[in-house]
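One-letter residues, chain by chain:
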Amino acid sequence: QVQLVESGGGLVQAWGSLRLSCLASGRTFSMYAVGWFRQAPGKEREFVAYISSGGSTTYYADFVKGRFTVSRDNAKTTVYLQMNSLKPEDTAVYSCGAGSSYLRRTYYGDYDYWGQGTQVTVSS
């Protein structure tokens, strides 16, 4: 029902900024909550940020609070992840997932649709 494509990743220096986009297809996108997850080499996938279907509720992992901001523009069927003050430990593949409003926001397995991911590399 929903297809997701992430973009905006790349190579940045520490303390730099990057904005990721999650572009969705499907006319039901506005019904879905969206979560951002990341996975670094050799590590498990971890939760980064969440935004409700209407955009009124957001939730962040502790390690990104104050640095990352998630937002959405349902008219453009896009969710954004603004990343500021990036650290080398933020290096990972970032993926967006979409799921129902009843999902457990920090649980990867509760999301129904996923994009292919975009690589973010932060140099020191």
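Before going into details, it helps to say that this report is about the structure given with it. (Residues numbered from 1 in each chain as written. Predicted model: local features only at pLDDT ≥ 70, side-chain atom pairs only at ≥ 80, totals over all residues. Heavy atoms only, no water.)

## Here's the deal with the overall build of the chain
A tally of helices and strands in the chain yields zero helices and eleven strands. Ordering the α and β elements of the chain from the N terminus gives β-β-β-β-β-β-β-β-β-β-β. The C-alpha radius of gyration computed for the chain amounts to 13 Å, which stays within 12% of the reference 14 Å derived for 124 residues, consistent with globular compactness. Judged by the C-alpha coordinates and their principal axes, the chain covers about 40 × 25 × 25 Å. Every one of the 124 residues in the chain was classed for burial, and the buried ones make up 44%. The long-range share in the chain, meaning contacts at least 24 apart out of those at least 6 apart in sequence, stands at 57%. Looking at the chain, you have 12 positive and 9 negative side-chain charges, and the mean spots of the two groups are 4 Å apart. (Helix = DSSP H or I, 4+ residues; strand = E, 2+ residues; numbered from the N terminus. Rg over C-alpha atoms; globule rule 2.2 N^0.38 Å. Buried < 20%, exposed > 50% of the residue type's maximum accessible area, 1.4 Å probe, protein only. Contact = heavy atoms within 4.5 Å. Lys, Arg positive; Asp, Glu negative; His and termini not counted. Charge placed at Lys NZ, Arg CZ, Asp CG, Glu CD.)

## A short note on the state of the cysteines
Applying the stated criterion across every chain, the model contains one disulfide. Note on cysteine connectivity: C22 is disulfide-linked to C96, with sulfurs 2.0 Å apart. Residues C22 and C96 are joined through a disulfide that is right-handed, its torsion about the S-S bond being 75 degrees. With C22 in strand 3 (residues 18-25) and C96 in strand 9 (residues 92-99), this residue pair connects regions lying 74 residues apart in the sequence. The exposure classification of C22 matches that of C96, with both residues buried. (Disulfide = S-S within 2.5 Å.)

## Some details on the pairing of strand 7 (residues 68-73)
Side chains F68, V70 and R72 of strand 7 all project onto a buried face; the interleaved residues T69, S71 and D73 project onto a face where none is buried. Examined bridge by bridge, strand 7 and strand 8 (residues 78-83) share six bridges and lie antiparallel to one another. Across the sheet, the residue bridging to S71 is Y80, located in strand 8. Where strand 7 hands over to strand 8, the hairpin turn is made up of four residues, of which T77 adopts a positive phi near 50 degrees. (Pairing = 2+ DSSP bridges.)

## Describing the packing of aromatic side chains
For the structure on display, the rule yields eight aromatic pairs. Chaining the aromatic ring pairs together yields one cluster made of F37, F47, Y59, Y108, Y111 and W114. Positioned above the aromatic ring of Y50 is the side chain of R105, whose terminal nitrogen or guanidinium carbon lies 5.9 Å from the ring centre. Seen from the ring of Y59, R105 lies directly overhead, with NZ or CZ sitting 4.1 Å from the centre. (Phe/Tyr/Trp six-rings, centres within 6.5 Å; stacked < 30°, edge-to-face > 60°. Lys NZ or Arg CZ within 6 Å of the ring centre and 35° of its normal.)

## Focus on the sheet that holds strand 3
Taken in spatial order, the four strands of this open sheet run 1-3-8-7, and their pairing is antiparallel. Strands with a single pairing partner mark the edges of an open sheet, and in this sheet they are strand 1 (3-7) and strand 7. Averaged over all neighbouring strand pairs, the angle between strand axes comes to 15 degrees, with direction disregarded. (Axes fitted to C-alpha atoms, helices over the stretch in contact; angles between N-to-C directions.)

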